Amino acid sequence: MKILIDFFPILLFFGAYKFYGIYVGTAVLMAATVVQMGLIYAIDRRLQTMHKVTLVLILLFGTLTLVLQDDRFIKWKPTVLYGAMSLALAVALWAMKKNFLKMLLGSQLDLPDRVWLRLNVAWIVYCAFMSAINAYVVVNFSTEAWVDFKLWGYAFPLVFLIGQGIYIAPHLKGDEPAA
């Protein structure tokens, strides 16, 4: 169910774009993201920081796209989001000596510190890569190619998350058997 909630804004955006163009697609993306966040809030009773940032950026860049009738704003949103995430994780880790991933997920996953460090670095690199590849597509390809990239580009996070799962699986500490 959660995977449907995660993907429905981009799927609706893609469909609206294909039938009505970038501006209708942007408006649909904005509305779908608001609904998505409402559903997440209804299920979890809270929104994580990443959800809030995503919502604000989609509404901000979407509004700029619609008001100024300039599709560059919505196309640059992923670059800004991923770049900010990479920078925030890097500054926290190397300047502030804090591992935000462990701070956010440490209560849910019991992993050795070296694994948390590697995961944090992997997220820094992944977010920098996603920021750069989105920027490359925005600069070098048409809006239609960028929209196709947004849809099929979801393979990147899926592969990344599956890879993380495979990496952390041997490090997860299971419950101790009763004596």
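The structure under discussion appears in the preceding block.
S.K.: What exactly am I supposed to notice about the overall build of the protein chain here?
M.R.: Summing up its helical and strand segments, the protein chain has eight helices and zero strands in all. Reading the helices (α) and strands (β) of the protein chain from amino to carboxyl end gives α-α-α-α-α-α-α-α. Per-residue burial for the protein chain yields a buried fraction of 40% across its 179 residues. Across the protein chain, every contact between residues at least 6 apart in sequence was considered, and the portion connecting residues at least 24 apart equals 66%. By element, 70% of the accessible surface of the protein chain is carried by carbon and sulfur atoms, the whole surface being about 10,700 Å².

S.K.: What is the right way to look at the nonpolar core in this model?
M.R.: Within soluble globular proteins, side chains that are nonpolar generally end up buried alongside one another. In this structure, F13, L119, W123, Y126, W146 and V147 are the most contacted members of the largest nonpolar core, which totals 37 residues. Put simply, the parts of the chain that give this core at least two residues each are α1 (2-20), α2 (22-44), α3 (49-68), α4 (72-95), α6 (113-140), α7 (143-152) and α8 (155-168). A total of 11 residues in this core trace back to one element, the largest contributor, which is α6. Sequence-distant contacts of V147, that is, excluding residues within four places in its chain, are made with F13, F14, Y17 and I22.

S.K.: Help me understand the packing of α2 against α3, please; the structure alone is not making it clear to me.
M.R.: Two quantities define a packed helix pair, namely the angle between the helix axes and the distance between the axes. Between α2 and α3, whose axes approach to 10 Å, the crossing angle comes to 160°. Taken as axis vectors, α2 and α3 run roughly antiparallel relative to one another. Pair α2 / α3 crosses with left-handed handedness. Along its contact with α2, which presents Y23, T26, A27, L29, M30, T33, V34, M37 and I40, the element α3 presents H51, L55, I58, L59, G62, T63, T65 and L66. Looking at the contact of α2 with α3 residue by residue, the class counts come to 11 nonpolar, six polar and no charged.

S.K.: Just checking my understanding: could you explain unusual backbone geometry for this structure?
M.R.: Across the chain, the bulk of peptide bonds are trans and the bulk of non-glycine residues have phi less than zero. Despite not being glycine, Q69 has its phi angle at roughly 50°, a positive value. By the secondary structure assignment, Q69 is in the loop between α3 and α4. The class of Q69 is partly exposed, set by a relative accessible area of 47%. With phi around 60°, K97 is a residue other than glycine that occupies positive phi space. Structurally, K97 is set in the loop between α4 and α5 (100-105).

S.K.: Whenever I open this one, the side chain of Q36 confuses me. Can you help?
M.R.: By secondary structure assignment, the location of Q36 is in helix α2. Not counting the four nearest positions on each side in its chain, Q36 is found in contact with I5, D6, F8 and P9.

S.K.: Quick question: what am I supposed to make of the layout of surface pockets here?
M.R.: Sizing a probe to match a water molecule and rolling it over the atoms shows the empty space that remains. By volume, the largest pocket is sized at about 2,000 Å³. Lining the largest pocket are 50 residues, and of these M50, H51, T54, M85 and W123 lie nearest its centre. Top contributing element to the lining of the largest pocket by residue count: α4, with nine residues. The volume enclosed by the second largest pocket comes to roughly 150 Å³. Around the second largest pocket, the lining residues are L101, L105, L109, W116, L119, W123, L161, Q164, G165 and I168. Broken down by element, the residue count for the lining of the second largest pocket peaks at four residues, all from α8.

S.K.: Would you mind showing me how to read the packing of α3 against α4 here?
M.R.: Between α3 and α4, whose axes approach to 9 Å, the crossing angle comes to 155°. As far as their axial angle goes, α4 and α3 are roughly antiparallel. Between α3 and α4 lies a crossing whose hand is right-handed. Across from M50, V53, T54, L57, I58, F61, G62, L64, T65 and L68 in α3, the residues of α4 making contact are F73, I74, W76, K77, V80, L81 and M85.

What counts and how
- Residues numbered from 1 in each chain as written.
- Predicted model: local features only at pLDDT ≥ 70, side-chain atom pairs only at ≥ 80, totals over all residues.
- Heavy atoms only, no water.
- Helix = DSSP H or I, 4+ residues; strand = E, 2+ residues; numbered from the N terminus.
- Buried < 20%, exposed > 50% of the residue type's maximum accessible area, 1.4 Å probe, protein only.
- Contact = heavy atoms within 4.5 Å.
- Areas by Shrake-Rupley, 256 points an atom, 1.4 Å probe, with all protein chains shown as cover.
- Core = buried A, V, L, I, M, F, W, Y, C linked by side-chain atoms within 4.5 Å.
- Axes fitted to C-alpha atoms, helices over the stretch in contact; angles between N-to-C directions.
- Parallel < 35°, antiparallel > 145°, perpendicular 65-115°, else oblique.
- Left-handed = near helix turned anticlockwise from the far one by under 90°.
- Nonpolar A, V, L, I, M, F, W, Y, C, P; charged D, E, K, R; others polar.
- 1 Å grid on protein atoms, 1.4 Å probe; cavity = no way out; pocket = protein on both sides within 12 Å on 5 of 7 lines; lining within 4 Å.
- Points joined across faces, edges and corners; volume = space filled by probe spheres on them.

Shape is all these values report; function is a separate question.
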